[in-house]
Amino acid sequence: MSMSISVAIKKVQRNLNDYGTGETLRKAFSALAGSVYLERTYRIYRRDLRTAQPAEEVPPGIEVRVIGADDAQAIRDIETMEEWLKGGVKDRLARGLCVAAFDGSRVVGFNIVAFREIFVPLLNMTRRLRPNQAWSEQITVAKDYRKHGLASVLRYRVFSELRQRGFRALYGGALISNIASLKSAQKVGFQFLADVRYRKVLGREERTYRRIDHGGH
């Protein structure tokens, strides 16, 4: 019980940091009402990995590298930062990759990428990917390390790693209410593809798709 309360408190704190009070309250209400009615819109984006990218400028004192299943402390740090990943990072490393940023021995940011098959929790949806496609499953930067370009550094390192492995495109997404995340994605060259509206009424799910028009570009 105490573990569940601790997880709930961490989730509320993160939502306050990322979305503010108004959106956090809306999300809390949605969670309470979710068994009866739930609605959200998720924006999907894509980055062409064949295009050029600028050189990485890693903040002073930060090390960025790919982690493996034997990086036990790094995995613990990541699962502490994002409670929904608890107990699942090792499995994700077996079917994807993770680039992490370290301040000393502590993880202060990471980007987990999935290959082959993905599950999108916010849409309750599983999809298969083509062999040359990958999906950005989670990118997180610790609060004290934000606004220093670290999210972009992580993204660019992921682009480089994927390109070396023969991948051509990286996909990802975020709720349209998560403005900071969407701006961060645009900054490194992701292009918005579509909005997916997810509705759940009395247990019945519905997803509608709207392609985003870029005016012929």
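Residues numbered from 1 in each chain as written. Predicted model: local features only at pLDDT ≥ 70, side-chain atom pairs only at ≥ 80, totals over all residues. Heavy atoms only, no water.

(A) Representation of the packing of aromatic side chains within the structure. All chains considered together, the criterion is met by five aromatic pairs. Taking the centre distance of 5.8 Å and the plane angle of 80° together, the rings of Tyr156 and Phe159 count as edge-to-face. Taken together, the positions of Tyr156 and Phe159, both in helix H5 (residues 150-164) and three residues apart, correspond to about one turn of that helix. The same class applies to Tyr156 as to Phe159, namely buried. Considering the side-chain rings of Phe159 and Phe190, the 5.7 Å spacing of their centres and the 65° angle between planes classify their relative orientation as edge-to-face. Here Phe159 is found in helix H5, whereas its partner Phe190 is found in the loop between helix H6 (179-187) and strand E9 (191-201), with 31 residues between them in sequence. Comparing Phe159 with Phe190 shows no difference in burial state: the two are buried. Grouped by ring-pair contacts, the aromatic residues Tyr45, Tyr156, Phe159, Phe190 and Phe192 constitute a single cluster. (Phe/Tyr/Trp six-rings, centres within 6.5 Å; stacked < 30°, edge-to-face > 60°. Helix = DSSP H or I, 4+ residues; strand = E, 2+ residues; numbered from the N terminus. Buried < 20%, exposed > 50% of the residue type's maximum accessible area, 1.4 Å probe, protein only.)

(B) Quick look at unusual backbone geometry. One non-glycine residue, Arg116, adopts positive backbone phi at about 65°. Mapping Arg116 onto the fold places it in the loop between strand E4 (106-115) and strand E5 (117-120).

(C) H5, seen in detail. Look at H5: 21 Å from first C-alpha to last across 15 residues, which is about the 21 Å you get at 1.5 Å a residue. Buried residues dominate H5, accounting for eleven of its 15 residues. The complete set of buried residues in H5 reads Leu150, Ser152, Val153, Leu154, Arg155, Tyr156, Val158, Phe159, Ser160, Glu161 and Leu162. Looking one or two residues beyond H5, the residue adopting positive phi is Gly166, at roughly 90°. (Expected span 1.5 Å × (residues − 1).)

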